[in-house]
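# Structural overview
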Amino acid sequence: MPIRSICAYCGSQPGRDPAHVAAGRTLGKSIATHGLNLVYGGGTKGIMGAVASGVLSNGGKVTGIIPEFLVDMEATRHSLGQLNELIITKDMHERKHKMFERADAFVTLPGGIGTLEEIVEIMTWAQLGRHGKPMVFANIGGFWDPMLELIDHMKRQGFIHNANLVQPLVIDRVEDIVPAIVDAWGDASPSDGDKAIMDRL
């Protein structure tokens, strides 16, 4: 199956709505029960920690990728030891590239500026034709509605060229995310040349 691993972008904090942490756990469980691996930013707190916990508690495998300077801010070293694989990078730039290389799809749960920056960069690379990997906004409780409205506004104003390449799925129910990815891309050829792609970015 071409879809082997899913990258989750999400907040290192829990946020104010308990539904967001619950969605993280549910996504993690779904990733594990579909036999897929999780690639994520390595945090063991907040929504990030909930996704990883959901995968691990259901027998799945987790790769955490975190810069050295964030280890004690977004995680505990004890919790990091429970991950199947831990990659500590020298900076955020290296982290993002490794997350891209390891993932076959990207799911964005609620989060803050860092979460937004991560998915926007992935969308930018898609617009530039650098990848065709699936991208999903987990629109829990309409969290991403303002962002989606902004994207539509930019399209109408003519600032998103090759808009056909920037068509993330928008899914409200977190339980539907992994099945939608597998159904849509399960028979597609895996994206090749990731290393060459990253060398050009």
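Right above here is the structure, for reference.
A short tour of the structure in this document, coming up.

## Considering the sheet that holds strand β7 (residues 169-171)
Overall, parallel pairing links the seven strands, which are arranged β4-β3-β2-β1-β5-β6-β7 in an open sheet. Every other strand in the sheet has two partners, leaving β4 (85-89) and β7 as the edge strands with one partner each. With direction set aside, neighbouring strand axes in the sheet form an average angle of 20 degrees. Of the pairings in the sheet, the one linking strand β5 (residues 105-108) to strand β6 (residues 135-138) comprises three bridges and is parallel in character. Across the sheet, residue F106 finds its bridge partner in β6, namely M135. Contacting β1 (5-9), β5 and β6, helix α6 (residues 113-127) crosses the sheet at an angle of about 150 degrees to β6.

## Concerning the packing of aromatic side chains
By the definition in use, this model includes five aromatic pairs. Ring centres of Y9 and F106 lie 5.9 Å apart, and the angle between their planes is 10 degrees; on these two criteria the pair is classed as stacked. You can see Y9 sitting in strand β1 and its partner F106 sitting in strand β5, a full 97 residues away along the chain. For F106, a relative accessible area of 0% puts it in the buried group.

## Observations concerning the nonpolar core
The tendency in soluble globular proteins is for nonpolar side chains to be buried side by side. Membership of the largest hydrophobic core comes to 37 residues, with the highest contact counts inside it found for I6, L27, L38, L109 and I177. If you list the elements that add at least two residues to this core, you get β1, α1 (18-33), β2 (37-40), α2 (46-56), β3 (62-67), β5, β6 and α8 (177-185). Examining the composition of this core, we find that six residues originate from one element, α2, more than from any other. Apart from the residues lying within four places of it in its own chain, the contact partners of L38 are I6, A8, I31, V51, A52, V55, K61, V62 and T63. Core analysis: the second largest hydrophobic core is formed by 22 residues, C7, V39, W125 and V166 among them.

## Thoughts on helix α7 (residues 145-156)
The terminal C-alpha atoms of α7, which comprises 12 residues, lie 16 Å apart, in line with the 16 Å expected from a rise of 1.5 Å per residue. Buried within α7 are the following residues: M147, L148 and I151. When α7 is viewed along its axis, its buried side chains cluster within an angular range of 100 degrees and face the same direction. For α7, the exposed residues lying more than 90 degrees away from the buried face are P146, E149 and R156. The inward-facing, buried residues of α7 contact α6, β6 and β7. G158 sits one or two positions beyond α7 and adopts a positive phi of about 80 degrees.

## Focus on the pattern of salt bridges
All told, the structure shown has seven salt bridges when counted by the stated rule. The residue K96 makes a salt bridge to E121 at a minimum N-O spacing of 2.7 Å. Residue K96 is located in helix α5 (residues 92-102), and its partner E121 is located in helix α6; the two are separated by 25 residues in the primary sequence. When the shortest N-O distance is used, the salt bridge between R173 and E175 registers 3.7 Å. Take R173: its relative accessible area is 46%, and that puts it in the partly exposed class. The exposure class assigned to E175 is partly exposed, which follows from its relative accessible area of 40%. One network of salt bridges, with partners in common, ties together K96, E117 and E121.

What counts, and at which threshold
- All residue numbers here refer to positions counted from 1 along the written sequence of the relevant chain.
- In keeping with the predicted nature of the model, local features appear solely for residues at pLDDT of at least 70, side-chain atom pairs appear and are counted solely at 80 or more, and the whole-chain, interface and lining totals rest on all residues.
- Hydrogens are left out, water is left out, and the side-chain values use all remaining heavy atoms of the structure.
- Two strands form a pair only when DSSP identifies at least two bridges running between them.
- Here a strand is any run of E in DSSP of at least two residues, a helix any run of H or I of at least four, and the numbering for each starts at the N terminus.
- Lines fitted to the C-alpha atoms define the axes, with helices restricted to the stretch that makes contact. Angles between their N-to-C directions range from 0 to 180 degrees.
- Every residue pair with non-hydrogen atoms within 4.5 Å of one another is taken to be in contact.
- In this analysis, rings of Phe, Tyr and Trp, with Trp reduced to its six-membered ring, are considered paired at centre separations within 6.5 Å, and the interplanar angle assigns stacked below 30 degrees, edge-to-face beyond 60, and tilted for intermediate values.
- Working definition: with a 1.4 Å probe on protein chains only, accessible area under 20% of the residue-type maximum means buried, over 50% means exposed, and in between means partly exposed.
- Buried residues of nine kinds, namely Ala, Val, Leu, Ile, Met, Phe, Trp, Tyr and Cys, make up a nonpolar core once their side-chain atoms join them within 4.5 Å.
- Here the expected span of a helix is defined as 1.5 Å times the quantity of residues minus one.
- Summarising the geometry, the arc corresponds to the directions from the helix axis toward the C-beta atoms.
- Here, a salt bridge means any Lys or Arg side-chain nitrogen found within 4 Å of an Asp or Glu carboxyl oxygen.

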